[in-house]
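For reference, the chains in residue letters:
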Amino acid sequence: MNQVIYLDNAATTPVNEEVLKEMLPWYAEFYGNPSSHYSIGYETKEAIDKAREQVAKALNCQPNEVYFTSCGTESDNWAIKGSAFQLAPKGKKHLITSSIEHHAVLHSMKALEKQGFEVTYLPVDSKGVVSPADLQAAIRPDTALVSIMMANNEIGTIEPIAELGAICREKGVWFHTDAVQAAGTIPIDVQAMNIDMLSLSAHKFNGPKGCGVLYIRKGVLPLNHLDGGGQEHRRRAGTENIAGIVGLGKALEMAVSHLDEKAAHQKQLRDYVVNRILTNISDTRLNGDPENRLPGNANISFLALEGETILLDLDMHGICCSTGSACNSDSLDPSHVLLAIGLPHEIAHGTMRFSFGPQNTMKDAETLCDVLEKIIPQRRAMSPIWNTLK
Ligand SMILES: *Cc1c(COP(=O)(O)O)cnc(C)c1O
């Protein structure tokens, strides 16, 4: 494929070259099992220890509070189902989440509802923000867990995690946050933010696919997720994905050490695109919080059009982006996130997410705007909805 412009970094990111270089020796050269007691096993164990320290430093926790998993989805499932099953025998069968979570969280909650658990879905305001007062009011004596994402994958809104965490801490309720979009993009401090469990995934910050983390604060004990050998402090069995873990540690370390630089670059491209589209194309709106949002996220609605049409037009021009969320791409229903912030169906349908990464250039942003300024009026001229409205 030649010269695609990749503007879907919220769906996944390319592996950074330096990260890849660190990963490669751990496949065929250093292949020992970290649980084996001989030199080539110790080498791999040391590589995992190093990555655990890199993650701990990035999150401000202890290395023994870092558990490697296979992806963000697994981390979310473990935190939610593990907490529910651990605390159910104590009579705690109520969970709280928001209505704009990723499906890894929402579908875990739905699965628990089928097993007799009760779930409260907190609403969000028109910017996609969860209200701390709503959380305060929703917590009950039988609440086992609160799970609220740090930043939304579709509209980029950043949630008041420190405040929500403080409420849970004060009430003695475990607090989990899905930080898959936030990690490596905005500052995270699990101490200052009162977080008990946190999910992240390497492929969202220029690391490899197939490797994630669940941070679990000391003293918090969700049920073990995979039973088997003694890996991951005896709580998540299975021979480790060493190259993936090495790549995750390196990618997170690199992202965090260049956090301000990376955010400034993403924000520059994002603001350029948002300003140009909202100025030059009529009947468009930016969704999510205009200020308090991920630096690389632009989520824009184009009145009277179908997102799928815009997606295909952009693909013809070699531009990759997404309608709302990659996870919804096989469904024609408007995204649950856009409906939760109160967008009517006819606006939600014509919504696109452009997400910028460190590898994107100003030229990418300019090309996107050039193409949109050409195709949107053309498509609208053919749209029966547009012609009825205008
Ligand atoms: C991508 C994503 C996930 C899923 O992570 P995987 O590693 O792809 O399983 C979960 N939550 C959010 C917010 C995401 O953006």
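Everything numeric here is computed off the predicted structure, so don't read it as measured data.

**Let's talk about the packing of helix 10 (residues 259–280) against helix 14 (residues 362–382)**
- Interhelical geometry of helix 10 versus helix 14 gives an angle of 15° and a closest axis separation of 9 Å. The angle between helix 10 and helix 14 places the two elements in the roughly parallel class. Along this stretch, helix 10 crosses helix 14, giving a crossing that reads as right-handed. Of the residues in helix 14, those in contact with Q268, L269, Y272, V273, R276, I277 and N280 of helix 10 are M362, A365, E366, L368, C369, D370, L372 and E373.
- In terms of residue class, the contact of helix 10 with helix 14 is built from nine nonpolar, two polar and four charged.

**Comments concerning the side chain of D289**
- Here D289 lies in the loop between strand 9 (284–286) and strand 10 (297–302).
- Buried and unpaired, D289 has K127 as its nearest opposite-charge partner, separated by 4.5 Å.
- From its side chain, D289 meets the backbone nitrogen of N292 in a polar contact 3.1 Å long.
- Ignoring anything within four residues of it in the chain, the contact list for D289 reads K127, V129 and T157.

**Focus on unusual backbone geometry**
- Positioned with a positive phi, N60 is a non-glycine residue whose angle comes to about 65°.
- Residue placement: N60 occurs in the loop between helix 3 (39–59) and strand 2 (66–69).
- A residue is classified by how much of its surface remains accessible, and N60, at 37% relative accessible area, is partly exposed.

**What about a nonpolar patch on the surface?**
- Taken together, the side chains of V15, L20, L24 and Y27 present a nonpolar region at the surface, about 370 Å² in accessible area.
- Assignment of secondary structure puts V15 in the loop between strand 1 (5–6) and helix 1 (17–23).

**Some remarks on the site of the ligand**
- Near the ligand, the surroundings consist of 13 residues, among which T73, D178, Q181, S201 and K204 are the closest.
- At a separation of 2.7 Å, an oxygen atom of the ligand approaches a polar side-chain atom of Q181.
- Relative to its unbound accessible surface of 380 Å², the ligand loses 90% to contact with the protein.
- When the residues that make up the shell around the ligand are grouped by side-chain class, the tally is three nonpolar, seven polar and three charged.

**As for the pattern of salt bridges**
- Across all of its chains, the model carries 17 salt bridges by this definition.
- Between D271 and K267 there is a salt bridge, with the nearest N and O atoms lying 3.2 Å from each other. Of this pair, D271 and K267 both sit in helix 10, four residues apart, which is roughly one turn of that helix.
- Residue K267 is classed as partly exposed on the basis of its relative accessible area of 41%.
- Of the charged contacts in the structure, one is a salt bridge between R276 and E373, with a shortest N-O distance of 2.8 Å.

**Topic: the packing of aromatic side chains**
- Evaluation of the coordinates by the stated rule reveals three aromatic pairs.
- Aromatic side chains W26 and F30 sit 5.1 Å apart centroid to centroid with 40° between the ring planes, which places their arrangement in the tilted category.
- With a centroid separation of 5.6 Å and 85° between ring planes, the pair formed by Y67 and W78 is classed as edge-to-face. On the criterion of sequence distance, the pair formed by Y67 in strand 2 and W78 in helix 4 (residues 72–87) is long-range, its members being 11 residues apart.
- The residue whose ring lies beneath K93 is F117, and the NZ or CZ to ring-centre distance is 4.9 Å.

**Re the sheet that holds strand 8 (residues 212–216)**
- Strand order in this open sheet of seven strands is 2-8-7-6-5-3-4, and the pairing throughout is mixed. Across the chains shown, the open sheet's two edge strands, defined by having one partner strand only, are strand 2 and strand 4 (118–122). If you compare each strand with its neighbour and ignore which way they point, the axes differ by 20° on average.
- Its contacts with the sheet put helix 7 (residues 161–171) on strand 5 (143–147) and strand 6 (174–178), and the angle it makes with strand 6 is roughly 160°.

Rules and cut-offs
- Residues numbered from 1 in each chain as written.
- Predicted model: local features only at pLDDT ≥ 70, side-chain atom pairs only at ≥ 80, totals over all residues.
- Heavy atoms only, no water.
- Axes fitted to C-alpha atoms, helices over the stretch in contact; angles between N-to-C directions.
- Helix = DSSP H or I, 4+ residues; strand = E, 2+ residues; numbered from the N terminus.
- Parallel < 35°, antiparallel > 145°, perpendicular 65-115°, else oblique.
- Left-handed = near helix turned anticlockwise from the far one by under 90°.
- Contact = heavy atoms within 4.5 Å.
- Nonpolar A, V, L, I, M, F, W, Y, C, P; charged D, E, K, R; others polar.
- Buried < 20%, exposed > 50% of the residue type's maximum accessible area, 1.4 Å probe, protein only.
- Lys, Arg positive; Asp, Glu negative; His and termini not counted.
- Salt bridge = Lys/Arg side-chain N within 4 Å of Asp/Glu carboxyl O.
- Polar contact = N/O pair within 3.5 Å; in protein donor to acceptor, adjacent residues only side chain to side chain.
- Patch = residues over 30% accessible without salt bridge, like charges linked within 9 Å, V, L, I, M, F, W, Y side chains within 5 Å.
- Areas by Shrake-Rupley, 256 points an atom, 1.4 Å probe, with all protein chains shown as cover.
- Near = heavy atom within 4 Å.
- Phe/Tyr/Trp six-rings, centres within 6.5 Å; stacked < 30°, edge-to-face > 60°.
- Lys NZ or Arg CZ within 6 Å of the ring centre and 35° of its normal.
- Pairing = 2+ DSSP bridges.

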